[in-house]
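# Summary of structural features
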Amino acid sequence: MSKYNFFAMVNRMKLIDRWALMRNTSKENIAEHSHSVAVIAHALALIGNKEFGKNYNADRAAVLALYHDTTEVITGDMPTPVKYYNDEINNVYKDIESVAGERLLAMLPEDYRADYKPFFEQQEADKELWALVKVADKISALIKCVEENRMGNREFDLALKAQEEKIKAIDLPEVKYFREHFLPAYYLTLDEHTK
């Protein structure tokens, strides 16, 4: 039996599907989603730095995003309407995620745990970056809704409108910049991209 199971468990992210309560034209697992969130979080950090004089660590934002849903290899993906139904359920789920994070950390050699701990227990030093990851998570959800909508899947119509409103309401200049300069491309077809 293997002594350290951490990386094998992380590899199982590809087995946890998102949007389980909705009919999907294309399945999305948490590994794919985490990649998307990492790309967007990295971009938001760079935009903040280059356009608005911020001092984000873009590489760190990307790594935090890669691990942001890793505990779901233990908990599964809790559908948003259930997870946020009320504060009591949300708080209990946060506790469950915390325990799942501890279990994952215990699957690493002792010398590595401190390096991975910030991915499961948010540190004050990463507060701004976690805020970017949270926004990138929402943008990734919007992109999924756009993709489903473009495929004619009406199941995502209300989710698309809700996600668009959530992104518009975020008061960060880097998000507004991304929304205005990069997000419209997700609404285009491949032929429109390559013209």
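You'll find the structure just up there.
Just so we're clear, the structure is a prediction, and the values are computed from it rather than from any experiment. (Residues numbered from 1 in each chain as written. Predicted model: local features only at pLDDT ≥ 70, side-chain atom pairs only at ≥ 80, totals over all residues. Heavy atoms only, no water.)

### A look at the overall build of the chain
- Assigned secondary structure in the chain consists of 11 helices and 0 strands.
- What you see in the chain, going N to C, is helices and strands ordered as α-α-α-α-α-α-α-α-α-α-α.
- Taking 195 residues into account, the globule formula puts the C-alpha radius of gyration at 16 Å, and the chain, at 17 Å, falls close to it.
- When its C-alpha atoms are laid out on the principal axes, the chain stretches across 55 × 40 × 35 Å.
- Per-residue burial for the chain yields a buried fraction of 39% across its 195 residues.
- For the chain, the accessible surface area stands at approximately 11800 Å², while carbon and sulfur atoms represent 52% of it. (Helix = DSSP H or I, 4+ residues; strand = E, 2+ residues; numbered from the N terminus. Rg over C-alpha atoms; globule rule 2.2 N^0.38 Å. Buried < 20%, exposed > 50% of the residue type's maximum accessible area, 1.4 Å probe, protein only. Areas by Shrake-Rupley, 256 points an atom, 1.4 Å probe, with all protein chains shown as cover.)

### Quick look at the pattern of salt bridges
- Inspection of the entire model under this criterion finds 9 salt bridges.
- R113 serves as the salt-bridge partner of E110, at 2.8 Å between the closest nitrogen and oxygen. Of this pair, E110 and R113 are both found in helix 7 (residues 110-120), 3 residues apart, which corresponds to roughly one turn of the helix.
- Classification of E110 by relative accessible area gives exposed; the value is 59%.
- The class of R113 is partly exposed, set by a relative accessible area of 25%. (Salt bridge = Lys/Arg side-chain N within 4 Å of Asp/Glu carboxyl O.)

### Notes on helix 10 (residues 173-181)
- Within helix 10 the residues assigned to the buried category are E174, V175 and F178. Taken around the axis of helix 10, the buried residues stretch over an arc of 100°, which confines them to a single face.
- Those residues of helix 10 hidden inside the fold are in contact with helix 2 (30-52), helix 8 (127-150) and helix 9 (157-169). (Arc of directions from axis to C-beta. Contact = heavy atoms within 4.5 Å.)

### Quick notes on helix 7
- Taken together, the buried positions of helix 7 are Y116, P118, F119 and F120.
- Against the buried residues of helix 7 lie helix 1 (6-11), helix 3 (58-67), helix 6 (87-105) and helix 8.

### Some points on the packing of aromatic side chains
- Applying the stated criterion across every chain, the model contains 13 aromatic pairs.
- Put simply, the rings of F6, F7, Y67, Y116, F119 and F120 touch in pairs and so form one group of aromatic residues. (Phe/Tyr/Trp six-rings, centres within 6.5 Å; stacked < 30°, edge-to-face > 60°.)

### A few points about the packing of helix 6 against helix 7
- For the pair helix 6 and helix 7, interaxial distance at closest approach is 10 Å and the crossing angle is 160°. Here helix 7 runs roughly antiparallel to helix 6, going by the angle between their axes. Like other packed secondary-structure pairs, helix 6 and helix 7 cross with a definite hand, here right-handed. Residues G101, L104 and L105 of helix 6 touch helix 7, and the partners they reach there are R113, Y116, K117 and F120.
- Considered class by class, the residues forming the contact of helix 6 with helix 7 number 4 nonpolar, 1 polar and 2 charged. (Axes fitted to C-alpha atoms, helices over the stretch in contact; angles between N-to-C directions. Parallel < 35°, antiparallel > 145°, perpendicular 65-115°, else oblique. Left-handed = near helix turned anticlockwise from the far one by under 90°. Nonpolar A, V, L, I, M, F, W, Y, C, P; charged D, E, K, R; others polar.)

### A closer look at the nonpolar core
- Membership of the largest hydrophobic core comes to 49 residues, with the highest contact counts inside it found for F6, L44 and I139.
- Tallying contributions element by element places helix 8 first for this core, with 12 residues.
- Once residues lying within four places of it in the same chain are set aside, the contact partners of I139 are I40, L44, I167, F178 and L183. (Core = buried A, V, L, I, M, F, W, Y, C linked by side-chain atoms within 4.5 Å.)

### Let's talk about the side chain of R18
- As for its position among the elements, R18 is in the loop between helix 1 and helix 2.
- With near-sequence residues (within four places) excluded, R18 lies in contact with N24, E28, N29, I30, H33, D69, D77 and A141.

### Describing the side chain of E148
- With respect to the helices and strands, the residue E148 is situated in helix 8.
- Excluding residues that lie within four positions of it along the chain, E148 makes contacts with R23, N24, T25, S26, N153 and F156.

### Focus: the environment of V146
- Note that V146 resides in helix 8.
- When the C-alpha atoms of V146 and F156 are compared, they prove to be 8.2 Å apart, with 10 residues separating the residues in sequence.
- Leaving out residues up to four positions away in the same chain, V146 has contacts with L160, Y186 and Y187.

Such coordinate-based values are descriptive only and should not be taken to indicate function.
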